[in-house]
Amino acid sequence: MALYNFKKIMVVPSSKDFIDITLSKTQRKTPTVVHKHYQIHRIRHFYMRKVKFTQQNYHDRLTQILTDFPKLDDIHPFYADLMNVLYDKDHYKLALGQINIAKNLIDNVAKDYVRLMKYGDSLYRCKQLKRAALGRMCTILKRQKQSLEYLEQVRQHLSRLPTIDPNTRTLLLCGYPNVGKSSFINKVTRADVEVQPYAFTTKSLFVGHMDYKYLRWQVVDTPGILDRPLEDRNTIEMQAITALAHLRSAVLYITDPSEQCGYTLDQQMELFHSIRPLFASKPLLVVANKCDVKKISELPAESQKVFSDLVEDGIPVIESSTLTEEGVMQVKTEACDRLLSFRVDGKMKGKKVHDVLNRLHLAMPAKRDDKERPAFIPEGASLKRKSMEVDAPKRKLERDLELEMGDDYILDLQKYWDLMNREEKEDRIPEIWEGHNIADYVDPDIMKRLEDLEREEELREGAGEYDSDSQSDDEEMKEIRQLANQIREKRKLKVLESREKQIAGPRMPRTAKKVERSTIEKEMSGLGLDMTDKDESHYAGNARRSRSLVAAKKRKRDASSASEVVAASKSRTRSQSKAPRDQSGMRDVKMVKKAKSMMKRSQTPMTRDGRKGESDRHIFSVRPKHLLAGKRKSGSTSRR
């Protein structure tokens, strides 16, 4: 488990955002209304509260920043040196120290102005003291602009660092650039490190995890190291040096005998000997990578002697290829086994192991002779076992009954009830509804009454009481029924005709079709209806009532004299020429639409006022005078 979680450090805002956040919170969380006619102690408390609230906000946020960032003296030396390499220890401590000083200064400013505000004798003086206090606090924070920006950059970089546990089982890969370190970590772990055919592709530490012997291991890929003095090494190389110096791990020094990395084998061995002091008290393994290109046996005698000298020194040399995966698992197994044995030996040399060993004692009894001594069973136990064996058949369980009977099986638990009167086992349990026994409300003579009722019904049916009077229909009812049958048959024929048409296009609704009166009268006459003297009748088939009335009036006018016809036609023409009110004076349809839209637009405010209630929010003045009136002072336009 990782000791440090740098991803939980709070975001460090810029000085401007810091001031905006704090002042807006003060405005939101404290009272905002005070009048000069209030008592002076109430006015003082009003402005004191604002100063104290602002100071407390600044204090809490700055304290959170100081608490979240790690202290270099308290964390593991690996992380302390890594932060020194990446961020410069002096600059980091200076930035945190300035933030701490700013916090103390803000506390002192608030204390001084609260003391002065106790002697404020008017609203104006208290307000000016409050403004001065908040202004000085903001000025102190503005001066910390560079420190806050630096700490935010450090926070972002820390959150991107890999989570490395300095005390867990670790394999550390090191060597010249482009020898195959990133390819090896990609093969043995679930990491996905970028691999490119040029030097310094890896510019920072990368971590991958794997399982071996049911244990979790971390593999650290370091950037390439060049053979030069320590003071000349850059930040990328110093990360690898820091990991080698502080992590308790097994070191895998990866070499490239094929020299495709751009460095000769002699240069790689010189680097090995120059950083060898960092390998002290750590399991060491030399990996000859890229054996698919050139193996050690194919090298010149001088190069082979280099590897043979390492083997003589007790440093194992293993050939591998990350391309063909030859020897990769052997390297992993050898490194893990060496680190495990090294860690166990280290624990055995410590002081704690004696406390544990003193509590443990493993007893191994020695054999006295070759005599067989079987297990002894007491005679009482054997007799008891024999007495338990009986010849009576075994009682059948419910499970056995269920398998025998199959679907006919019904679970009946009442047969196992132990009652004083065994005949009561099969009694039905009373049914209770709303606290009443249903059996109390059942009529015991209900079956006898049902038989009497059925007998009475049989007598009524025999007497012919329910027979229908078929002769009671008169001639008029027969005609009506005959006519109804004809209408039904006609309707069926109409339906069949419409289906035979098979109209593919859209169909007109029946209400929109024009049906002539003569057609209706003809069809209904054919069905046997009398259609004479139907002038005043209302035909629902016609879409508009006005049509039928006009037609009736027209027939009346035909029967009247010619002079009456002329007068009626003139009056009808005159009534039809009058345009509706909403269309009078309009030039065309476009003008009518425009007039209607203008009318709707003019009614919108009245409609809105009609829907408005007492709870609706209303801004009476968009630009309030107390915020915008008065002379603006020189300098920043910020109201704060």
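Structure report, in brief.

Conventions used here
- Residues numbered from 1 in each chain as written.
- Predicted model: local features only at pLDDT ≥ 70, side-chain atom pairs only at ≥ 80, totals over all residues.
- Heavy atoms only, no water.
- Helix = DSSP H or I, 4+ residues; strand = E, 2+ residues; numbered from the N terminus.
- Contact = heavy atoms within 4.5 Å.
- Areas by Shrake-Rupley, 256 points an atom, 1.4 Å probe, with all protein chains shown as cover.
- Buried < 20%, exposed > 50% of the residue type's maximum accessible area, 1.4 Å probe, protein only.
- Pairing = 2+ DSSP bridges.
- Axes fitted to C-alpha atoms, helices over the stretch in contact; angles between N-to-C directions.
- Core = buried A, V, L, I, M, F, W, Y, C linked by side-chain atoms within 4.5 Å.
- Expected span 1.5 Å × (residues − 1).
- Arc of directions from axis to C-beta.

### Focus on the overall build of the chain
If you tally the helices and strands in the chain, you get 21 helices and eight strands. Of the contacts formed within the chain by residues at least 6 apart in sequence, a portion of 69% connects residues at least 24 apart. Accessible surface, the chain as shown: approximately 47,600 Å² in total, 52% of it carbon and sulfur.

### Topic: the pairing of strand β4 (residues 250-255)
Of all the six residues making up β4, six are buried; the element is thus mostly covered by neighbouring parts of the structure. Taking every second residue as pointing to the same face, both faces of β4 are buried, with A250, L252 and I254 on one and V251, Y253 and T255 on the other. In this structure, strand β1 (residues 170-174) lies alongside β4, joined through four bridges in parallel fashion. Bridge assignment links L173 to a residue of β4, and that residue is L252. Relative to strand β5 (residues 284-288), β4 runs parallel, the two being bridged by five bridges.

### Description of the sheet that holds strand β2 (residues 206-212)
Across the sheet, which stays open at both edges, the six strands sit in the order β2-β3-β1-β4-β5-β6 with mixed pairing between neighbours. The strands lining the two open edges of the sheet, one partner per strand, are β2 and β6 (317-319). Strand after strand, the sheet turns through a mean of 25° between neighbouring axes, direction not considered. Pairing between β1 and strand β3 (residues 215-221): four bridges, direction parallel. Note that in β3 the partner of L172 across the bridge is V220. Helix α7 (residues 181-188) contacts β1, β2, β3 and β4 of the sheet and is inclined by roughly 160° relative to β3.

### Some details on the nonpolar core
Ranked by size, the top nonpolar core spans 105 residues in total, and within it F69, L151, L171, L252, Y253 and F279 carry the most contacts. Tallying contributions element by element places helix α4 (residues 89-117) first for this core, with 11 residues.

### Concerning helix α10 (residues 301-312)
Note on helix geometry: an α-helix contains 3.6 residues per turn, so any two residues three or four positions apart are oriented the same way. Relative to the 16 Å expected for 12 residues at 1.5 Å per residue, α10 spans 16 Å between its end C-alpha atoms, a close match to the ideal helical length. Among all positions in α10, only S303, F307 and L310 are buried. Considered in projection along α10, the buried side chains sweep an arc of 50° and stay on one side of the axis. Exposed side chains of α10 directed beyond 90 degrees from the buried face belong to A301, E302, K305 and E312. Lining the buried residues of α10 we find β4, α9 (265-274), β5 and β6. Remark: G314 follows α10 within two positions and exhibits a positive phi of approximately 90°.

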